[in-house]
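Chain by chain, the residues:
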Amino acid sequence: MPETVPCALCGSTAAIAEPGKTRLLNLRAPHAISRCARCGFLYLSPRPTVEELAEMYVTDPYYAADNATRGAARRRFYHDRMARLERWRPERGRLLGIGCLEGGYALEIARARGWRVEAVEFSPILAEHARAALGIEVSVARAWDLSALQGDRFDAIFSQNLEHVPDPGVTLAQCRELLGPGGWLMLEVPNQFHSLIDLLKLAVPRIAGDGAYAWFHRAITFEFHTLYFTPRTLRALLEREGFEVRALRTHLRAHPLYLGKGRRRWLQGPIHALGGLIDRGPCIEVIATRS
């Protein structure tokens, strides 16, 4: 049965339902988006239990073995991402990847650039793909738990799926313990509901009526996202867990996840670029160190 959870940022159990946002993502009841009444953090509650998430990851077509190569066409984008990390940490070293949800191709690029790469993944299907197709050392851990690595030290940790973890405070605390002196943390999460394009989407049903929600429904299952960050809440969480944010941006040029094809691409691109000027681009990329 889905579980009701407290706010991951401040711990409050007082939550306000967000039916418009829940309908925009076409979430299946009883799953729903809630806003913390104390700090405003958005999160999924009720949400799937860890056991239910484990079952979803091995049965949902988006995370199936025959779709694990979807990240293969994003290599240029991943090269640019690693170059941004390497401006802060030019020396290559040991890198831990948390998650291979795009098939592990971002970590393949890191390895090609000279990093010694290993990873932790929740989905056994995607972990096996990264091992077999890319030769990446990947261990399977329940909900990306890093406790099995206790005592190890890494020069950098990279993740693009913090919005999927059950408890981001636990995950970030584990990252802090695993980073060696001078280590760096690089994260990317969606700027969901705070981005300019999502604000425009939410305005459409208010103008055109409830039937307009269906215009934005996608086949991707959003019950996998347990957390909905903004630049403010992500920065606050990182600072709470002992990190100092050194760089933050919300617009990454030609991001493959946020640009459609044809006319949609020409419309989305300028909206994302404009949003990025005011911290309302479609994603949040953060580079941080231990404070």
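Residues numbered from 1 in each chain as written. Predicted model: local features only at pLDDT ≥ 70, side-chain atom pairs only at ≥ 80, totals over all residues. Heavy atoms only, no water.

### With respect to the nonpolar core
- Phe 41, Leu 96, Ile 157, Leu 185, Phe 229 and Leu 238 are the most contacted members of the largest nonpolar core, which totals 47 residues.
- Among the elements of the structure, α2 (50–59), β4 (94–98), β7 (154–159), α6 (168–178), β8 (179–190), α8 (231–240), β10 (243–249) and β11 (283–290) are those that each provide at least two residues to this core.
- Not counting the four nearest positions on each side in its chain, Leu 185 is found in contact with Ile 157, Leu 172, Cys 175, Leu 179, Leu 238, Phe 243, Val 286, Ile 287 and Ala 288.
- Formed by 27 residues, the second largest nonpolar core is a distinct cluster that contains Cys 100, Ile 136, Val 138 and Trp 184. (Core = buried A, V, L, I, M, F, W, Y, C linked by side-chain atoms within 4.5 Å. Buried < 20%, exposed > 50% of the residue type's maximum accessible area, 1.4 Å probe, protein only. Helix = DSSP H or I, 4+ residues; strand = E, 2+ residues; numbered from the N terminus. Contact = heavy atoms within 4.5 Å.)

### What to know about the packing of aromatic side chains
- Within the structure shown, the criterion is met by 12 aromatic pairs.
- Ring centres of Tyr 57 and Trp 144 lie 5.7 Å apart, and the angle between their planes is 90 degrees; on these two criteria the pair is classed as edge-to-face. Remark: Trp 144 occurs in the loop between β6 (137–140) and β7 and Tyr 57 occurs in helix α2; sequence separation between them is 87 residues.
- Trp 144 sits in the buried class, given a relative accessible area of 1%.
- Ring centres 5.1 Å apart and planes at 90 degrees place the aromatic pair Tyr 62 and Tyr 63 in the edge-to-face group. (Phe/Tyr/Trp six-rings, centres within 6.5 Å; stacked < 30°, edge-to-face > 60°.)

### Some points on the packing of helix α7 (residues 196–208) against helix α9 (residues 263–276)
- For the pair α7 and α9, interaxial distance at closest approach is 8 Å and the crossing angle is 115 degrees. Across from Leu 196, Ile 197 and Leu 200 in α7, the residues of α9 making contact are Gln 268, Ile 271, His 272, Leu 274 and Gly 275.
- Taken together, the residues of the contact of α7 with α9 sort by class into five nonpolar, three polar and no charged. (Axes fitted to C-alpha atoms, helices over the stretch in contact; angles between N-to-C directions. Nonpolar A, V, L, I, M, F, W, Y, C, P; charged D, E, K, R; others polar.)

### Let's talk about the sheet that holds strand β5 (residues 116–121)
- The mixed open sheet is built from seven strands, whose spatial order is β6-β5-β4-β7-β8-β11-β10. The outermost strands of the open sheet, each flanked by one partner alone, are β6 and β10. Across the sheet, the mean angle separating the axes of adjacent strands is 20 degrees when strand polarity is ignored.
- In this structure, β5 lies alongside β6, joined through four bridges in parallel fashion. Bridge pairing links Val 120 to Ser 139 in β6.
- Packing against the sheet, helix α5 (residues 124–134) makes contact with β5 and β6, and its axis sits at approximately 165 degrees to β6. (Pairing = 2+ DSSP bridges.)

### Topic: unusual backbone geometry
- Residue Ala 29 is joined to Pro 30 through a cis peptide bond whose omega torsion reads 5 degrees.
- Counting through the fold element by element, Pro 30 comes out in the loop between α1 (19–24) and β2 (33–36).
- For the bond from Ser 45 to Pro 46, the omega torsion is 0 degrees, close enough to zero to count as cis.
- Structurally, Pro 46 is set in the loop between β3 (42–44) and α2.
- For Ala 143, which is not a glycine, the phi torsion comes out positive at approximately 55 degrees.
- Its location among the elements puts Ala 143 in the loop between β6 and β7.

### Some thoughts on the side chain of Thr 22
- Relative to the assigned elements, Thr 22 resides in helix α1.
- At a separation of 3.0 Å, a polar atom in the side chain of Thr 22 contacts the main-chain amide nitrogen of Ile 33. (Polar contact = N/O pair within 3.5 Å; in protein donor to acceptor, adjacent residues only side chain to side chain.)

### Describing the packing of helix α3 (residues 75–88) against helix α4 (residues 105–112)
- Packing of α3 against α4 brings their axes to within 9 Å, and their N-to-C directions diverge by 55 degrees. Comparing the axis directions of α3 and α4 gives the class oblique. Handedness of the crossing formed by α3 with α4: right-handed. Between α3 and α4, the contacting residues are Arg 75, Tyr 78, His 79 and Met 82 on the first element and Tyr 105, Ala 106, Glu 108, Ile 109 and Ala 110 on the second.
- In the contact of α3 with α4, the residues fall into six nonpolar, one polar and two charged. (Parallel < 35°, antiparallel > 145°, perpendicular 65-115°, else oblique. Left-handed = near helix turned anticlockwise from the far one by under 90°.)

### Regarding a nonpolar patch on the surface
- A cluster of nonpolar side chains, namely Leu 274, Leu 277 and Ile 278, defines an oily patch on the protein surface of about 340 Å² accessible area.
- Looking at where Leu 277 falls in the secondary structure, it is placed in the loop between α9 and β11.
- For Leu 277, a relative accessible area of 70% corresponds to the exposed category. (Patch = residues over 30% accessible without salt bridge, like charges linked within 9 Å, V, L, I, M, F, W, Y side chains within 5 Å. Areas by Shrake-Rupley, 256 points an atom, 1.4 Å probe, with all protein chains shown as cover. Salt bridge = Lys/Arg side-chain N within 4 Å of Asp/Glu carboxyl O.)

### Observations concerning the state of the cysteines
- One pass over the structure, following the stated rule, counts zero disulfides.
- As a non-bridged cysteine, Cys 39 has Cys 7 as the owner of its nearest cysteine sulfur, 3.6 Å distant. (Disulfide = S-S within 2.5 Å.)

### Focus: the pattern of salt bridges
- In the structure shown here, the tally under the stated rule is 20 salt bridges.
- Here Asp 152 ties to Arg 94 by a salt bridge, and the two come within 3.4 Å at their closest N and O atoms. On the criterion of sequence distance, the pair formed by Asp 152 in the loop between β6 and β7 and Arg 94 in strand β4 is long-range, its members being 58 residues apart.
- Among the residues examined, Arg 94 registers a relative accessible area of 22% and is labelled partly exposed.
- A salt bridge links Lys 201 to Asp 198, with the shortest nitrogen-to-oxygen separation between them at 3.9 Å. With a gap of three residues between them, Lys 201 and Asp 198 both fall in helix α7, about one helical turn apart.
- Among the residues examined, Asp 198 registers a relative accessible area of 11% and is labelled buried.
- The structure contains a network of salt bridges with shared partners spanning Arg 81, Arg 84, Glu 188, Arg 249 and Glu 285.

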